[in-house]
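An overview of the molecular structure
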There are 6 protein chains.
Amino acid sequence: MAIRISGRNQLPGKVIELVLGDIMAQVVVQVGEFVVEAVITRRSAEQMGLKVGDEVSVLVKATEAMVIKEMP
Amino acid sequence: MAIRISGRNQLPGKVIELVLGDIMAQVVVQVGEFVVEAVITRRSAEQMGLKVGDEVSVLVKATEAMVIKEMP
Amino acid sequence: MAIRISGRNQLPGKVIELVLGDIMAQVVVQVGEFVVEAVITRRSAEQMGLKVGDEVSVLVKATEAMVIKEMP
Amino acid sequence: MAIRISGRNQLPGKVIELVLGDIMAQVVVQVGEFVVEAVITRRSAEQMGLKVGDEVSVLVKATEAMVIKEMP
Amino acid sequence: MAIRISGRNQLPGKVIELVLGDIMAQVVVQVGEFVVEAVITRRSAEQMGLKVGDEVSVLVKATEAMVIKEMP
Amino acid sequence: MAIRISGRNQLPGKVIELVLGDIMAQVVVQVGEFVVEAVITRRSAEQMGLKVGDEVSVLVKATEAMVIKEMP
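Remember, it's a predicted structure, so these values are computed and weren't measured experimentally.

Listed by partner, the interface residues are 39 residues for chain B and 39 residues for chain A. Here chain B and chain A share an interface that buries about 3300 Å² over both sides, 64% of which is from carbon and sulfur atoms. Its largest share of buried area at the contact with chain A, chain B owes to B:Val67, B:Ile68 and B:Lys69, together 21% of the area lost on that side. The interface formed by chain B and chain A includes 4 salt bridges. One salt bridge in this structure joins A:Asp54 and B:Lys69, with 2.8 Å as the shortest N-O distance. The dominant element in the side of chain B that touches chain A, judged by the number of residues it contributes, is strand β4 (residues 34-41) of chain B, at 7 residues. Counted by class, the side of chain B that touches chain A contains 23 nonpolar, 8 polar and 8 charged residues.

Written out as C-alpha cells, the structure reads:
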C-alpha cells in the first residue's frame with residue numbers, strides 16, 4: 001500500500017550529518033548537488049533510527065517556501 | 001552590501017511555471033535535477049516581476065522541513 | 001516497505017469537506033470527535049484524488065503547533 | 001471579552017508530558033483519544049507556567065497541515 | 001478568564017486592508033509604524049467578522065521568523 | 001545587485017538579546033516600539049556573526065501569520 005503526501009516538495013537524498021540536541025535534531029541531507037537541512041525533534045530522529053548514510057527524503061510544504069530574486 | 005538570511009535552505013534554480021491565483025501564486029522552480037514548488041502571495045509575485053525563465057532561489061527554513069525514511 | 005515521517009502529529013480521520021480554490025484547497029477532516037482543517041495546494045488535492053469520504057491522516061510538524069492556556 | 005484566533009485548529013486537551021530544553025520545550029497533549037505534540041520556546045512554557053495536568057488547546061494554522069492518503 | 005498563547009510574537013494593530021479570495025484572505029495590518037501582512041483562510045476572516053478598522057493582533061510563532069543581516 | 005524576497009514581512013530592528021542553544025538560538029529584536037522574537041538555528045546565528053546591537057530584519061512569510069481579534 002503506497003501512501004501519498006500532499007506536501008509538494010519531497011527531495012530524495014542521503015543523510016550526511018546528524019546533530020542531536022536536547023529537544024531538536026539537525027539533519028543535513030545531500031540532495032543531488034545540493035545540501036538541504038531539516039530541524040526535527042530529537043525524539044523523531046531517534047525513533048526513525050536516523051543515522052549518517054540513510055537514504056531519506058526531505059519533505060517541505062510549498063506554502064513554507066519563499067522565493068528570492070536578484071533585481072537588476 | 002551583501003545580505004545574509006538565516007534560512008538554511010536557499011536552493012538556486014529557474015522558474016519553469018508560474019500560476020497566479022486570486023490571493024496566492026504557485027511558483028515551480030527547476031533546481032538542478034529537482035522540481036521545487038513554492039506558494040507565495042500573488043502580490044509578491046507581481047511586485048517581484050516574477051516570470052518563467054527567472055533565476056531565483058527557493059528559501060526554506062530548516063524548521064519547516066521534515067524527514068521521510070523508508071523503514072525495512 | 002513502510003515509511004516513517006518525522007512529523008510528530010499524524011491524525012487519522014475522514015474527509016468530510018473539500019473546497020477547491022484556484023491555487024489552494026481546503027480539506028476538512030473528522031478526526032475522532034474533532035474537526036481538523038488543512039489548506040493544501042489544489043494540485044495536490046487533485047493528484048491525490050482527494051474526495052469526501054476518503055480515509056486520510058493530517059500531518060502537522062510539532063514546531064508548527066502552539067499552545068493556548070487559560071490563565072486564572 | 002472573548003478573543004477569536006484565525007487559526008482553524010484549536011484542539012482541547014491535557015498536558016501529559018513537558019520536556020524543557022535549553023531553547024525549546026516539547027509539550028505532549030492528550031487530545032481526546034489522540035496524542036498531539038507541540039514544540040514551543042522554553043521561555044513561553046515557563047511564562048505560561050505550563051505543567052503536566054494543565055488543560056490547554058493546541059493551535060495549528062490550517063496552512064501548516066498536510067494530508068496523507070493511502071493509495072490503492 | 002484571560003488566555004495565554006505560546007506564540008512569542010503578538011503585534012497589536014489595525015486592519016487597513018482585507019482582500020477575500022476563494023480559499024484564502026490577505027489581511028494587512030498597521031502595527032505602529034510598520035505594515036504587517038497575514039494570509040489566513042477566508043472562512044476565518046468571515047467568521048471573525050474581520051473588516052478594515054478592526055483592532056487586531058498579528059500572531060507569529062518565533063520558529064516561523066527568520067533573520068536577515070547586512071554583511072559588510 | 002539588490003535582492004527581493006517574497007516574504008511579505010521584513011521588520012527592521014536591532015538585536016537586543018541572543019541566546020545560543022545546542023541546536024537552536026533565540027534572537028530578540030527591538031523593532032520600533034515592539035519586541036519581536038525569532039528562533040533560528042545556532043549554526044546560522046554563528047555563521048551570520050549575530051550579536052547584540054546588530055541591525056537586522058525579521059522575515060516572516062504572510063502565510064505564517066495568524067490574526068487575533070477581541071470579540072465583543
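A separate point is the relation of the copies chain B and chain A. One chain copy maps onto the other through a rotation about an axis and a shift parallel to that axis. You can overlay chain B on chain A at an RMSD of 0.0 Å; the transform is a turn of 180 degrees with a shift of 0.0 Å along its axis. Such a combination of turn and shift is consistent with a two-fold rotation axis. Every residue of chain B has its C-alpha some distance from the rotation axis, and the shortest such distance is that of B:Glu64, at 3.3 Å. Taken as a fraction of all interface residues of chain B, those also at the interface in chain A reach 100%, which identifies the copy contact as same-surface.

Another point: the sheet that holds strand β2 (residues 9-20) of chain D. Overall, antiparallel pairing links the 6 strands, which are arranged β4(D)-β3(D)-β2(D)-β5(D)-β6(C)-β1(E) in an open sheet. Of all the strands in the sheet, the pair left with one neighbour each is β4 (34-41) of chain D together with β1 (2-5) of chain E. Each strand of the sheet is rotated relative to its neighbour by a mean of 40 degrees, with strand direction disregarded. Relative to β4(D), strand β3 (residues 24-31) of chain D is paired through 8 bridges, and the arrangement is antiparallel. Residue D:Ala25 lies in a different strand from β4(D), and its bridge partner there is D:Ile40.

Looking now at the sheet that holds strand β3 (residues 24-31) of chain B. Spatially, the 6 strands line up as an open sheet ordered β4(B)-β3(B)-β2(B)-β5(B)-β6(A)-β1(F), and their pairing is antiparallel. The open sheet terminates on both sides in strands that have one partner only, identified here as β4 of chain B together with β1 (2-5) of chain F. On average, each strand axis in the sheet is inclined to that of its neighbour by 40 degrees, with strand direction left out of account.

You can overlay chain F on chain D at an RMSD of 0.0 Å; the transform is a turn of 120 degrees with a shift of 0.0 Å along its axis. In short, the pair behaves as if placed about a three-fold rotation axis.

So, about the UniProt feature "domain: Mop" (unreviewed entry) in chain A. When the UniProt feature table is mapped onto this chain, "domain: Mop" (unreviewed entry) is found at residues 4-69 of chain A. Between the end C-alpha atoms of residues 4-69 of chain A there is a gap of 31 Å, over a span that is 9% helix and 61% strand.

Residues and elements named next belong to chain F. Within the element layout of this structure, Gly53 appears in the loop between α1 (42-47) and β5 (55-60). Considering only alpha carbons, one finds Gly53 and Glu70, 17 residues apart in sequence, at a separation of 35 Å. Setting aside chain neighbours within four positions, we find Gly53 in contact with Lys14 and Val15.

Counted under the stated rule, the structure contains 36 salt bridges over all chains. The closest approach of N and O atoms between D:Glu46 and D:Arg42, which form a salt bridge, is 2.7 Å. Here D:Glu46 pairs with D:Arg42, and both are found in helix α1 (residues 42-47), just 4 residues apart, close to one helical turn. Judged by its relative accessible area of 43%, D:Glu46 is partly exposed. Residue classification places D:Arg42 among the partly exposed residues on the basis of a relative accessible area of 27%. Between E:Lys51 and E:Asp54 there is a salt bridge whose closest N-O contact spans 2.8 Å.

Glancing now at the pairing of strand β4 (residues 34-41) of chain A. Of all the 8 residues making up β4(A), 7 are buried; the element is thus mostly covered by neighbouring parts of the structure. The turn joining strand β3 (residues 24-31) of chain A and β4(A), which pair antiparallel and follow one another in sequence, is formed by 2 residues; a positive phi near 60 degrees is taken by A:Gly32.

Rules behind the numbers
- Residues numbered from 1 in each chain as written.
- Chains lettered and ligands numbered in written order.
- Predicted model: local features only at pLDDT ≥ 70, side-chain atom pairs only at ≥ 80, totals over all residues.
- Heavy atoms only, no water.
- Contact = heavy atoms within 4.5 Å.
- Buried area = accessible area lost by both parts, 1.4 Å probe.
- Salt bridge = Lys/Arg side-chain N within 4 Å of Asp/Glu carboxyl O.
- Helix = DSSP H or I, 4+ residues; strand = E, 2+ residues; numbered from the N terminus.
- Nonpolar A, V, L, I, M, F, W, Y, C, P; charged D, E, K, R; others polar.
- Least-squares fit on C-alpha atoms with pLDDT ≥ 70 in both.
- Pairing = 2+ DSSP bridges.
- Axes fitted to C-alpha atoms, helices over the stretch in contact; angles between N-to-C directions.
- UniProt positions renumbered as here; feature names shortened; annotations may be inferred.
- Buried < 20%, exposed > 50% of the residue type's maximum accessible area, 1.4 Å probe, protein only.

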